[in-house]
Amino acid sequence: MHPNPDTLPTDLPAPVDDGAADHLRGMKLPDVALTATDGTTVSLAKLSGRTVAYAYPRTGEPGKPALTPDWDAIPGARGCTPQACDFRDHHAALRERGVAQVFGLSTQTSAYQREAAERLGLTFPLLADPHRAFAMAARLPVFEAGGQVLLRRLTLVIDDGVVARVFYPVFPADRGAQQVIDWLDGGSA
């Protein structure tokens, strides 16, 4: 266990772009209701304006071991807390650039996510897809660890329910929000 869960080790293996998210560009997202940590129900397909949704495998629980002993060796697995904190810290900058809403998305339950959202002081809701209804309908990239099917780390920029930009894989995890900001500012990220 590293002393600060918000800090990523520098020796994490980088994930490779295996093409598993290529089909998402230009996709009209499926209309699947997801429970948000603020108590609302959200369908990413029905939101107006620009939305940023980042998918992550799972947040850890303080004081508890990782899902599997080799968690840090799985390319792209480690970093959910730093990723969430990155979007929290850049939330205002995203809003200033026309992003109407930001969401995190995982297969964890909303009750589990609420603990993380409160502990991390998140300024946006997390969306729960515990049965992978949205993940399967959108064919999001996944991996298996510790007997669970988890989302691979990616970020979607969604305009009125249609995916305008996909960032995949996102690495390091704590740079996801900055990738979006750079793209919104006209960069090639």
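Everything below is about the structure printed above this text.
Keep in mind it's a predicted model, so treat the numbers as computed, not measured. Residue indices follow the written sequence of each chain, beginning from 1 at its first position. Confidence filtering applies because this is a predicted model: local features only for residues at pLDDT of at least 70, side-chain atom pairs given and counted only at 80 or more, and all residues used for totals across whole chains, interfaces and linings. To get the side-chain values, all heavy atoms of the structure are used, and hydrogens and water are removed first.

(A) Molecular detail of the environment of S110. Within the element layout of this structure, S110 appears in helix α3 (residues 110-120). In this scheme, a residue with accessible area under 20% of its type's maximum is buried, one over 50% is exposed, and one in between is partly exposed, where area comes from a 1.4 Å probe on protein chains only. With relative accessibility at 9%, the residue S110 sits in the buried group. Residues S110 and G39, spaced 71 residues apart in sequence, show a C-alpha to C-alpha distance of 8.8 Å. If sequence neighbours within four positions are ignored, S110 has contacts with T35, A36, T37 and A128. Runs of E in the DSSP output that reach at least two residues are strands. Runs of H or I that reach at least four are helices, and both are numbered from the N terminus. Residues are treated as being in contact if the distance between any of their heavy atoms lies within 4.5 Å.

(B) Up close: helix α1 (residues 80-89). Among the 10 residues that make up α1, eight are buried, leaving the element largely enclosed by the rest of the structure. For α1, the secondary structure elements touched by its buried residues are β3 (50-55), α2 (91-96), β4 (99-106), α3, β8 (154-159) and α5 (176-184).

(C) Fine view of the packing of aromatic side chains. Centre distance within 6.5 Å is the pairing criterion for rings of Phe, Tyr and Trp, where only the six-membered ring of Trp is used; planes under 30 degrees apart are then read as stacked, over 60 as edge-to-face, and the remainder as tilted. Counted under the stated rule, the structure contains five aromatic pairs. Here the aromatic rings of Y54 and Y56 are separated by 5.7 Å at their centres, their planes lie at 35°, and the arrangement is tilted. Here the two residues Y54 and Y56 agree in accessibility, since each one is buried. The interplanar angle of 80° and the centroid separation of 6.0 Å between the aromatic rings of Y54 and F124 together place this pair among those described as edge-to-face. Here F124 lies in the loop between α3 and β5 (126-128) and Y54 lies in strand β3, a separation of 70 residues in the sequence. Assessed through its relative accessible area of 0%, Y54 is described here as buried. Exposure remark for F124: the relative accessible area of 5% places this residue in the buried category.

(D) Expanded view of unusual backbone geometry. Between Y168 and the following residue, P169, the backbone shows a cis peptide bond with an omega angle of -15°. Residue placement: P169 occurs in the loop between β9 (162-167) and α5. Residue P172 follows F171 across a cis peptide bond; omega there is -10°. Not every positive phi belongs to a glycine, and R132 is a case in point at roughly 60°. Within the fold, R132 resides in the loop between β5 and α4 (133-138). With a relative accessible area of 23%, R132 lands in the partly exposed category. Phi at D160 is positive, roughly 50°, even though this residue is not glycine. Along the chain, D160 falls in the loop between β8 and β9.

(E) Structural detail: the environment of G104. Here G104 lies in strand β4. Spatially, the C-alpha atom of G104 lies 9.1 Å from that of T155, the residues being 51 residues apart in sequence. What G104 contacts, discounting residues up to four positions off in sequence, is Y54, Y56, F124, P125, L126 and L127.

Any functional reading would require information beyond the geometric quantities listed.
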